Amino acid sequence: MSRSSEPHAPATRGTANHPDDVWVFDVDGTLIGSIRCDTLRPGADELLRTLHAAGSTVVVWSAGGATYAERMLAQFDLVRFVGAFYDKDARGPDGRYVVDHLRPEHRPGTLVDDYPHEVPDQARVIGVRQFLGGNPADHGLREALELARALTLSSR
Ligand SMILES: [Mg+2]
């Protein structure tokens, strides 16, 4: 039996950053509307701004590609809070997206996603209800916002 044919252990294991230090965000349905992509989710601006101010690294990735992700956030002048953009592309044998292509300093940490079962579970995962773009009273980012505000209050 050939050892080389055995699947490799996920490269994500053991390389995760502290949950407070690196936050990786999905775009569609998480930060912007999945139907109305020109609509920013309520709280998204404050969330990215607060994390950035607290010294956390904000990373944004999308199945639409890194360029798409940057273009979407540029609509709302949010690129200045983001440390890096990445494709959300390959999946591992467990069906979850892999983060091997992220630089070590950009690996989660914390993942915020409206499809939480599709992101690596080695990190802290904050699942959010899918934001379609039409509800100005949406509060799907509340949990993430509370965690981010707590970071600001703590002396890091
Ligand atoms: Mg999504």
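Residues numbered from 1 in each chain as written. Predicted model: local features only at pLDDT ≥ 70, side-chain atom pairs only at ≥ 80, totals over all residues.

1. Side note on the confidence of the model for the protein
Here comes step 1: Scored by pLDDT, the protein has a mean of 91; 89% of the residues are at 70 or more.
Here comes step 2: Confidence drops under pLDDT 50 across residues 1–13; counting only partners more than four residues distant or on other chains, this segment forms 11 contacts. (pLDDT = per-residue confidence, 0-100. Contact = placed C-beta atoms within 7 Å.)

2. Observations concerning the nonpolar core
Here comes step 1: In this structure, Trp23 and Val60 are the most contacted members of the largest nonpolar core, which totals 31 residues.
Here comes step 2: Put simply, the parts of the chain that give this core at least two residues each are strand 1 (22–25), helix 1 (44–53), strand 2 (57–62), helix 2 (66–74), strand 4 (110–113) and helix 3 (142–153).
Here comes step 3: Ignoring anything within four residues of it in the chain, the contact list for Val60 reads Phe25, Val27, Ala69, Leu73, Val82 and Phe85. (Core = buried A, V, L, I, M, F, W, Y, C linked by C-beta atoms within 7 Å. Buried ≥ 20, exposed ≤ 12 C-beta atoms within 10 Å, placed from the backbone. Helix = DSSP H or I, 4+ residues; strand = E, 2+ residues; numbered from the N terminus.)

3. As for helix 1
Here comes step 1: All buried positions along helix 1 are accounted for by Ala44, Leu47, Leu48, Thr50 and Leu51. All buried residues of helix 1 fall inside an arc of 165° around its axis, so they share one side.
Here comes step 2: Of the surrounding elements, those touching the buried residues of helix 1 are strand 1, strand 2 and helix 3.
Here comes step 3: Looking at the residues trailing helix 1, positive phi occurs at Gly55, about 90°. (Arc of directions from axis to C-beta.)

4. Focus on the environment of Leu102
Here comes step 1: Mapped onto the elements of the fold, Leu102 is located in the loop between strand 3 (84–87) and strand 4.
Here comes step 2: Of the residues examined, Leu102 has 20 C-beta atoms within 10 Å and is grouped as buried.
Here comes step 3: Each C-alpha atom of the pair Leu102 and Val59 lies 9.5 Å from the other, and the pair is 43 residues apart in sequence.
Here comes step 4: The residues contacting Leu102, other than those within four sequence positions of it, are Tyr86 and Arg107.

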